[in-house]
Amino acid sequence: MAKLIKTVLIALFAVSTIAAQNQAPLLKGKVDENVRKEISSFVVLYDFEGDTFFDNIPIDTDGMFSYTTDLPGDEVDVMIYIGSSPYGAHLKEGTTTEMNVTDGKAVFSGDNVPESKFFSKYVQAFYPMQYKGSADEPFVFADLKKLLDTQKKEVDNLLGDVKQPLRSTYQKMTDAYYNYTLLLLYGMDQSYNKVNHEKESDEIIAKIDPNGDEARLTGIINHWYNNSDIHKNGDTTSTLNYMIGQFDAIDKTLTNEGNKKKMWETLGSMFMMYKPTEEDVATFFAKVEPQLSRAPRIKERIMEVHESFKEKVLAGESVPTDPKLISPDGKECRLSDLLGKSVVYIDIWATWCKPCVGEIPYMEKVVERFKGNDAITFVSISRDDNRAAWLKKIAKDQPEWQQYVFEKQSGDEFMDAMGINGIPRFLLIGKDGKFINPDAARPSSEDIDQILNSAIESAKNK
């Protein structure tokens with residue numbers, strides 16, 4: 001009998017394996033050689049009823065890729081991030097969408113072409129990074145609004161090729177994402193130029209349907225929440241009590257389960273960013289169990305955020321990984337190549353990060369004050385995916401200290417291993433290669449000279 005059961009199990013395994021091998025890919029295609037030189041994989045990300053799914057897709061040496069998975073539904077729209085460039089595609093069970101990327105442009109063939117052409121343009125048209133501009137250049141609202149309107153028209157023009165009922169869904173998404181981006185521009189114009197757009201913003205927010213899928217899929221639901229009575233009337237006696245109350249209020253107010261999940265994920269992640277005690281974490285999960293029992297993937301995601309905000313590297317410990325760095329002239333080295341000769345003060349930054357750019361003048365002054373002191377080395381490492389923007393900034397500033405950009409994959413691994421969730425971030429590493437402080441003071445700090453001199457003196461005594 002046992003032998004019979006074993007035989008049946010082997011047969012079933014063989015059948016399932018053959019079926020998986022014969023399953024047509026949902027997405028396949030090729031990237032050009034320039035992309036292949038930069039990366040060996042890319043990310044596919046999508047939302048299904050409030051749950052987020054993502055996969056890392058390998059690219060072979062010829063630039064070919066193929067993606068097969070069990071979708072949570074019959075069809076999904078996926079966001080695709082190849083290097084620093086966003087794309088999109090529509091995937092449907094039993095069909096194969098083909099996407100070839102050349103010179104930064106995606107060409108679709110095979111199945112789902114009208115839907116994929118639309119969604120890829122939709123993702124690119126409203127991609128937030130293009131509307132943030134450079135952190136140290138003037139913000140011109142009229143120019144960016146014109147760009148946004150032009151992109152919106154191009155997206156709208158592709159809707160006609162999409163069949164109903166999907167066309168109506170896409171139209172709602174397009175309008176919502178346009179409004180989300182417009183609110184972003186209003187906010188930046190207020191921040192940079194002190195122009196008040198409160199009336200226009202209020203008019204957009206008043207029309208948001210918090211139960212529409214498009215509110216969740218575009219993120220505009222967050223604007224609704226921030227202006228709702230839920231947000232304003234919470235229990236503020238403690239962060240813990242406030243977040244527990246918000247979970248319950250969202251559950252009672254919204255009817256769209258997917259939108260509830262997305263709001264719970266946002267609120268839970270925010271709570272974990274405050275680095276609560278383990279006791280408060282346990283209390284939080286116990287109190288919101290009625291909600292998260294219906295959203296197990298959201299609970300997992302909140303726990304991941306909790307883990308990511310724990311201190312991963314402490315003073316006295318070694319650098320956890322050895323990322324590859326690239327200099328402005330294209331030469332490569334490892335982080336370890338910069339260590340062991342002196343104290344090293346590292347600035348992790350990016351051209352698109354306004355607080356990062358704001359620290360550069362202070363860094364210049366610190367470097368000048370320590371000029372000629374071989375006991376300390378100053379290094380800036382950029383998180384920019386856009387190498388051209390990084391090189392342009394360096395050419396403009398002409399910094400007198402070492403400049404590098406992370407190679408993407410090893411840089412991401414380093415940031416994850418360090419638990420770095422935001423920039424700018426400054427690292428202070430001793431001559432022995434171990435951290436003096438993995439979250440060091442900024443150059444703008446009043447006591448920065450004292451901190452650096454103390455590190456230098458300490459290194460002399462070891």
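It should be noted that the structure appears before, not after, this text.
Since the structure is predicted, the reported quantities are computational estimates derived from the model, not experimental observations.

A. Structural view of the overall build of the chain. Summing up its helical and strand segments, the chain has 18 helices and 15 strands in all. In terms of overall size, the chain behaves like a compact globule, its C-alpha atoms giving a radius of gyration of 25 Å where 462 residues would be expected to give roughly 23 Å. With the C-alpha coordinates aligned to their principal axes, the bounding extent of the chain is approximately 70 × 65 × 50 Å. Taken across its 462 residues, the chain has 44% of its residues classed as buried. Taken as a whole, the chain presents about 24000 Å² of accessible surface, with 51% of it coming from carbon and sulfur. Between the averaged position of the 55 positive side-chain charges in the chain and that of its 72 negative side-chain charges there is a distance of 1 Å.

B. The arrangement of the sheet that holds strand β1 (residues 27-31) in detail. Pairing within the open sheet is mixed, and its 4 strands lie in the order β4-β1-β7-β8. The sheet terminates laterally at β4 (64-67) and β8 (105-110), the two strands that pair on one side only. For this sheet the average axis-to-axis angle between neighbouring strands, irrespective of direction, equals 20°. With 4 bridges connecting them, β1 and β4 associate as antiparallel partners. Within β4, the position partnered with Lys 30 by the bridge is Met 64. Sheet contacts for helix α3 (residues 113-125): β7 (97-102) and β8; angle to β8, the most-contacted strand, approximately 165°.

C. Spatial organisation of unusual backbone geometry. Residues Gln 164 and Pro 165 are joined by a peptide bond in cis, for which omega reads 5°. For Pro 165, the position within the fold is in the loop between α4 (141-159) and α5 (166-193). Cis geometry is found at the peptide bond from Ile 423 to Pro 424, where omega equals 10°. Along the chain, Pro 424 falls in the loop between α17 (408-418) and β14 (425-429). Not every positive phi belongs to a glycine, and Lys 275 is a case in point at roughly 55°. Tracing the sequence through the fold places Lys 275 in the loop between α11 (257-273) and α12 (278-287).

D. Molecular detail of the pairing of β8. Relative to β8, β7 runs antiparallel, the two being bridged by 6 bridges. Bridged to Val 101 within β8 is Ala 106. Between β7 and the antiparallel strand that follows it, β8, lie 2 residues; Asp 103 among them carries a positive phi value of about 50°.

E. A look at the side chain of His 306. Positionally, His 306 belongs in helix α14 (residues 296-308). If near-sequence neighbours (up to four positions away) are discounted, His 306 is found in contact with Met 272, Pro 276, Glu 278 and Val 281.

F. Focus on the sheet that holds strand β3 (residues 51-58). A sheet is described by the order of its strands in space; here 4 strands give the open sequence β3-β2-β5-β6, paired in antiparallel fashion. Only two strands of the sheet have a single partner each, and these edge strands are β3 and β6 (85-92). Geometrically, the sheet is characterised by an average inter-axis angle of 25° between neighbouring strands, direction not taken into account. As judged from the 8 bridges shared by strand β5 (residues 75-82) and β6, these two strands associate in the antiparallel manner. Bridged to Tyr 81 within β6 is Pro 86.

G. Highlighting α12. Those residues of α12 that sit buried are Val 281, Phe 284 and Phe 285. An end-on view of α12 places all buried positions within 90° of arc, on one side of the element. Set apart from the buried face of α12 by more than 90 degrees, the exposed residues are Glu 279, Ala 286 and Lys 287. Buried-residue contacts for α12 involve α10 (239-253), α11, α13 (289-292) and α14.

H. Inspection of the packing of α5 against helix α6 (residues 198-206) at higher detail. It is the contact of α5 with α6, at a shortest axis distance of 10 Å, that shows an interaxial angle of 155°. When the interaxial angle is binned, α5 and α6 end up roughly antiparallel. Seen along the crossing, α5 lies across α6 with a hand that is left-handed. Contacts between α5 and α6 involve Asn 179, Leu 182, Leu 183 and Tyr 186 from the first element and Glu 200, Ser 201, Ile 204 and Ile 205 from the second. Across the contact of α5 with α6, the residue classes break down as 5 nonpolar, 2 polar and 1 charged.

I. Spotlight on the state of the cysteines. What the rule picks out here adds up to 1 disulfide. Each sulfur of the disulfide joining Cys 353 and Cys 356 lies 2.3 Å from the other. Across the S-S bond of Cys 353 and Cys 356 the torsion is about 75°, and the bridge reads as right-handed. As far as the burial class goes, Cys 353 and Cys 356 line up, both buried.

J. Fine view of the pattern of salt bridges. Tallying each qualifying case throughout the model produces 27 salt bridges. Ionic pairing is found between Asp 248 and Lys 252, a salt bridge with its closest N-O pair at 3.0 Å. Residue Asp 248 and its partner Lys 252 are both found in helix α10; the two are separated by 4 residues, about one turn of the helix. A residue is classified by how much of its surface remains accessible, and Asp 248, at 31% relative accessible area, is partly exposed. For Lys 252, a relative accessible area of 66% translates into the label exposed. Lys 260 serves as the salt-bridge partner of Glu 257, at 3.1 Å between the closest nitrogen and oxygen. Placement of the pair is Glu 257 and Lys 260 together in helix α11, with a separation of 3 residues, close to one helical turn. According to the relative accessible area criterion, Lys 260 is buried, its value standing at 6%.

Here is what the cut-offs are and how they apply
- Residues numbered from 1 in each chain as written.
- Predicted model: local features only at pLDDT ≥ 70, side-chain atom pairs only at ≥ 80, totals over all residues.
- Heavy atoms only, no water.
- Helix = DSSP H or I, 4+ residues; strand = E, 2+ residues; numbered from the N terminus.
- Rg over C-alpha atoms; globule rule 2.2 N^0.38 Å.
- Buried < 20%, exposed > 50% of the residue type's maximum accessible area, 1.4 Å probe, protein only.
- Areas by Shrake-Rupley, 256 points an atom, 1.4 Å probe, with all protein chains shown as cover.
- Lys, Arg positive; Asp, Glu negative; His and termini not counted.
- Charge placed at Lys NZ, Arg CZ, Asp CG, Glu CD.
- Pairing = 2+ DSSP bridges.
- Axes fitted to C-alpha atoms, helices over the stretch in contact; angles between N-to-C directions.
- Contact = heavy atoms within 4.5 Å.
- Arc of directions from axis to C-beta.
- Parallel < 35°, antiparallel > 145°, perpendicular 65-115°, else oblique.
- Left-handed = near helix turned anticlockwise from the far one by under 90°.
- Nonpolar A, V, L, I, M, F, W, Y, C, P; charged D, E, K, R; others polar.
- Disulfide = S-S within 2.5 Å.
- Salt bridge = Lys/Arg side-chain N within 4 Å of Asp/Glu carboxyl O.

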